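As a plain string of letters, each chain reads:
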Amino acid sequence: MTQNQELATRFEELAALMEIVGANTFRVSAIRKVARILEDLDVDITTIAHDTKELKAIDGIGDGSATKIQQWCERGSFDDLDQLREDVPEGLIDLLSISGLGPKTVGRLWREADVTDRATLKAAIDDGRLANLPRMGAKTIANINEALEFAQQHADRTPLGVAMPLAESLVEQLLQVKGVSSIQYAGSLRRGCETIGDIDLLAVTEHPEALVAAFTDEAHTLKVLARGDTKASIRHALGVQVDLRIVEADAVGGALLYFTGSKEHNVLLRERARSRTTRLNEYGLFPDDGDDTPPQQRGIAPIAAATEDEIYTALELPFHPPELREARDDITNEPADDLIVRADIGSDLHTHTTASDGVLSIEELVDEARRRGYHTLAITDHSPSQPQANGLSIDRLLKHIKAIAQVAANHQDICVLAGTEVDILSDGRLDYPDDVLSQLDLVVASPHAALRQDSNAATERLVRAASHPLVHIIGHPTGRMIGRRPGLEPNMKVVAEAAADHRTALEINANPRRLDLGDKHVRIAIESGAMIAINTDAHTAEHFDFLRYGILTGRRGGLTAPRCINTWANDTLMDWLKTSV
DNA sequence: CTTCTGCAGAAGAGCGTGTTACGACACGC
């Protein structure tokens, strides 16, 4: 973990502990805000911590947080955190992640029933201690018990690659229900986050009862959590919670905006609304007449509600695509208007055949690429250091180049490039000699082993590879696997600057288990002037469809079409391949 | 805890749903 992330985690921990002991909610959210700032900060916090003025110049960091940051940099912890860690059992923080348990309840369970972690919670349920507490009825206890069991069996977040196909199939099924005129997913899924907490579906229908019934009866429903007139929630067999909200057609924009989030973006929008004597809620933007009763309940007509665009316009803000609603920039900043879209992509430059560990032949890969309308496809099998992936020896590679050339000769409508995914060894050297690499049209260089080396070594390793004159693309630069391993933690700014200097592209590997570069790295890479590639690393035909995840990640990082080499026409691409330095 | 307006003190997003006890509270987004 980088220093900034490490410290951000400490601030998150502090916020959770403060909540449990019942601190003022605004103090808690101020601490959470600092955690977010630290995560997004593009300079190493330890390098500026000594300068109190510079720290406090960051919006959201004041006296209190500056002191905490400085203490942490000096001794790896800070007073307020130490004190709360002493007072509060650490297992309680974990309980907050269990659905239905919030800070108030967890605090009570601890003070009134000696609950300190999952095990003691389970014991307190089983021996009936919980039932003795006020406001702990049979239903509440049963819900906690089920949520606890569910949490033991499932990860608390679902990978994008699982959630999106599931959401799409639910949308398709529910569209068949009589009376449904529209249904779409919102939430972190629509924003293209790499993992999803739960799936939010937003529907317009003439028969809400029928839709709620169809939704809660869905064959893969494990449990119905809520079932109202306008809202229902289920736990799906795949381990995800799915929420359905039914809204009026003329308020879809307000609802979509609200349920898409992020929460922080919503707060900014609502603050903006308030500063203009209006109020924004999930029913739209309303005039603020000082009456506390929600305006839609008093028959007040909204200023804007039907579309998101209308609401942004009424707030005199630029439209923000869902992927850019993370509150990372000033909300009045105009997002790029040429943010990359799927239709921009004309090539896939990282794919595998049966020669290494893919399941398709060269010809079959070409068919898949043609079907998607690509003008260029690069075949990039593994190098010898990946014996488990059947990496190609030099001899096999040379023969493979000829085989690729033969297939290429049979296709006039697509340019098929002979390439490699050559291993970046732990010291930054490559797994093939230069005289072999120089015979290839395209070289993707990727780290596969030694993914736990320290940050400095990782930076040097990637800089060396990015600076190699024969390397065109650094494939999945960190080697991370989401939810499984963190991968390399290089100083991405330094790597990206080297890549920019040598006109080497950094890949967004679109495999949803990787998404590597991740959105934050994409942003750093772009700010450093590096070019980006979006490749699927396809090993099967279905993998070509991973492209969408790569696009979402690119958009979250602010990637515009011209910056992405896969949007270039074939001749531009070929010029670049030949003149890389 | 931080920011902002005015230098000390206020303000900080807003709502539906479920549970429990019939108005209040906690939760989650």
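Before reading on, note that the structure itself is shown above.
About the thresholds
Residues numbered from 1 in each chain as written. Chains lettered and ligands numbered in written order. Predicted model: local features only at pLDDT ≥ 70, side-chain atom pairs only at ≥ 80, totals over all residues. Heavy atoms only, no water. Phe/Tyr/Trp six-rings, centres within 6.5 Å; stacked < 30°, edge-to-face > 60°. Buried < 20%, exposed > 50% of the residue type's maximum accessible area, 1.4 Å probe, protein only. Lys NZ or Arg CZ within 6 Å of the ring centre and 35° of its normal. Core = buried A, V, L, I, M, F, W, Y, C linked by side-chain atoms within 4.5 Å. Helix = DSSP H or I, 4+ residues; strand = E, 2+ residues; numbered from the N terminus. Domains from an automatic or database assignment. Contact = heavy atoms within 4.5 Å. Pairing = 2+ DSSP bridges. Axes fitted to C-alpha atoms, helices over the stretch in contact; angles between N-to-C directions. Parallel < 35°, antiparallel > 145°, perpendicular 65-115°, else oblique. Nonpolar A, V, L, I, M, F, W, Y, C, P; charged D, E, K, R; others polar. Arc of directions from axis to C-beta. Near = heavy atom within 4 Å. Polar contact = N/O pair within 3.5 Å; in protein donor to acceptor, adjacent residues only side chain to side chain. Left-handed = near helix turned anticlockwise from the far one by under 90°. Salt bridge = Lys/Arg side-chain N within 4 Å of Asp/Glu carboxyl O.

Q: Is there a simple way to explain the packing of aromatic side chains in this structure?
A: Each aromatic ring pair is characterised by the separation of its centres together with the angle its planes make. Following the criterion strictly, the structure yields five aromatic pairs and no others. A centroid spacing of 5.9 Å and a plane angle of 85° characterise the contact between Trp568 and Trp576, whose relative ring orientation is edge-to-face. Its relative accessible area of 14% is what places Trp568 among the buried residues. Sitting above the plane of the Phe150 ring, Arg235 keeps its charged end 4.6 Å from the centroid.

Q: Please clarify how the nonpolar core should be interpreted in this entry.
A: Core analysis: the biggest nonpolar cluster contains 89 residues, and Ile199, Leu201, Ile474, Leu506, Ile534 and Leu559 have the highest contact counts within it. Residue contributions to this core peak at eight residues, all from helix α11 (residues 160-175). When residues of this core are sorted by domain, at least three fall in each of domain 2 (158-246) and domain 4 (342-579). In this structure Ile199 touches Ala163, Leu166, Ala167, Leu189, Val240, Gln241, Val242 and Asp243, once residues within four positions along its chain are discounted. Ala8, Leu55, Phe78 and Leu130 belong to the second largest nonpolar core, which has 47 residues in total.

Q: Teacher, can you tell me more about the sheet that holds strand β7 (residues 241-246) here?
A: What holds strands together in a sheet is hydrogen bonding between their backbones, with the strands either parallel or antiparallel. With mixed pairing, the five strands of this open sheet are ordered in space as β2-β4-β7-β6-β5. Because the sheet does not close on itself, it has two edges, and the strands there are β2 (180-185) and β5 (221-227). Averaged over all pairs of adjacent strands, the angle between their axes in this sheet comes to 20°, without regard to strand direction. Pairing analysis gives five bridges linking β2 to strand β4 (residues 198-205), with the strands arranged antiparallel. Bridge pairing links Gln184 to Leu202 in β4. Of the strands in this sheet, β2, β4, β5, β6 (231-236) and β7 touch helix α13 (residues 208-216), which is tilted by about 175° from β7.

Q: Where do I start with the packing of helix α20 (residues 455-467) against helix α21 (residues 492-501) in this structure?
A: Relative orientation and spacing of two packed helices are given, respectively, by the angle between their axes and the distance between those axes. For the pair α20 and α21, the least separation of the axes is 8 Å and the interaxial angle reads 10°. Regarding the angle of α20 to α21, the classification is roughly parallel. On the side of α20, the interface is formed by Thr459, Leu462, Val463, Ala466 and Ser467, while α21 contributes Val494, Val495, Ala498 and Ala499. Its residues placed into classes, the contact of α20 with α21 shows seven nonpolar, two polar and no charged.

Q: Would you mind showing me how to read helix α22 (residues 519-527) here?
A: Along an α-helix, residues three or four apart share an orientation, since each turn contains 3.6 residues. Within α22, burial applies to Asp519, Val522, Ala525 and Ile526. Angular distribution of buried residues about the axis of α22 spans 115°; they occupy a single face of the element. Considering only its buried residues, α22 is in contact with α21, β15 (505-509), β16 (531-535) and α23 (547-556).

Q: Explanation requested: the protein's contact with DNA strand B in the structure shown.
A: As a structural note, the neighbourhood of DNA strand B is formed by 50 residues, with Gly60, Thr105, Asp198, Thr230 and Tyr258 the closest of them. By atom count, sugar and phosphate contribute 75% of the portion of DNA strand B lying within 4 Å of the protein. At a separation of 2.7 Å, a phosphate oxygen of DNA strand B approaches a polar side-chain atom of Ser65. In this structure, a phosphate oxygen belonging to DNA strand B sits 2.8 Å away from a side-chain N or O atom of Arg279. Secondary structure elements with two or more residues in the surface near DNA strand B: α2 (25-40), α5 (63-75), α8 (103-113), α10 (138-153), β4, β5, α15 (263-275) and β8 (278-281). The element best represented in the surface near DNA strand B is α15, accounting for five residues. Residues of the surface near DNA strand B, tallied by class, amount to 16 nonpolar, 16 polar and 18 charged.

Q: Honestly, the packing of helix α1 (residues 3-20) against helix α6 (residues 79-87) in this entry has me stumped. Any pointers?
A: In contact at an axis separation of 10 Å, α1 and α6 are set at 50° when each is read in the N-to-C sense. Between α1 and α6, the interaxial angle falls into the category oblique. The handedness of the crossing between α1 and α6 comes out as left-handed. Every residue of α6 that contacts α1 at Arg10, Glu13, Leu14, Leu17 and Met18 is listed here: Asp80, Leu81, Leu84 and Arg85. Tallied by class, residues from the contact of α1 with α6 come to five nonpolar, no polar and four charged.

Q: Can you walk me through the environment of Tyr185 in this structure?
A: With respect to the element layout, Tyr185 can be found in strand β2. Taking the C-alpha atoms as reference, Tyr185 lies 8.8 Å from Ala203; in sequence the two are 18 residues apart.

Q: Would you take a moment to explain the side chain of Ser528 for this structure?
A: Position of Ser528 among the secondary structure elements: in the loop between α22 and β16. Given a relative accessible area of 17%, Ser528 falls into the buried group. At a separation of 2.8 Å, a polar atom in the side chain of Ser528 contacts the main-chain carbonyl oxygen of Ile524. Apart from residues no more than four positions distant in its own chain, Ser528 is found in contact with Lys493, Ala496, Glu497 and Ala500.

Q: Looking at this structure, how should I read the pattern of salt bridges?
A: Two side chains bearing opposite charge may form a pair once their charged atoms approach each other closely. For the structure shown, the criterion picks out 38 salt bridges. Across the pair Arg548 and Glu168 runs a salt bridge, and its minimum N-O distance is 2.3 Å. One end of the pair, Arg548, is in helix α23; the other, Glu168, is in helix α11, with 380 residues separating them in the sequence. By relative accessible area, Glu168 is classed as partly exposed at 30%. Measuring nitrogen to oxygen at the nearest pair gives 3.8 Å for the salt bridge that ties Arg370 to Asp367. Taken together, the residues span about one helical turn, with Arg370 and Asp367 both in helix α17 (residues 362-371) at a distance of three residues.

Q: Which parts of the structure should I look at to understand unusual backbone geometry?
A: Residue Gly261 is joined to Ser262 through a cis peptide bond whose omega torsion reads -5°. Examined against the element boundaries, Ser262 turns out to sit in the loop between α14 (252-260) and α15. Note that the residue after Asp516, namely Leu517, is joined by a cis bond; omega there is 10°. Relative to the assigned elements, Leu517 resides in the loop between β15 and α22. Phi at Asn390 is positive, roughly 60°, even though this residue is not glycine. Mapped onto the secondary structure, Asn390 falls in the loop between β11 (376-382) and α18 (394-409). Judged by relative accessible area, Asn390 falls into the partly exposed class, the value being 33%.

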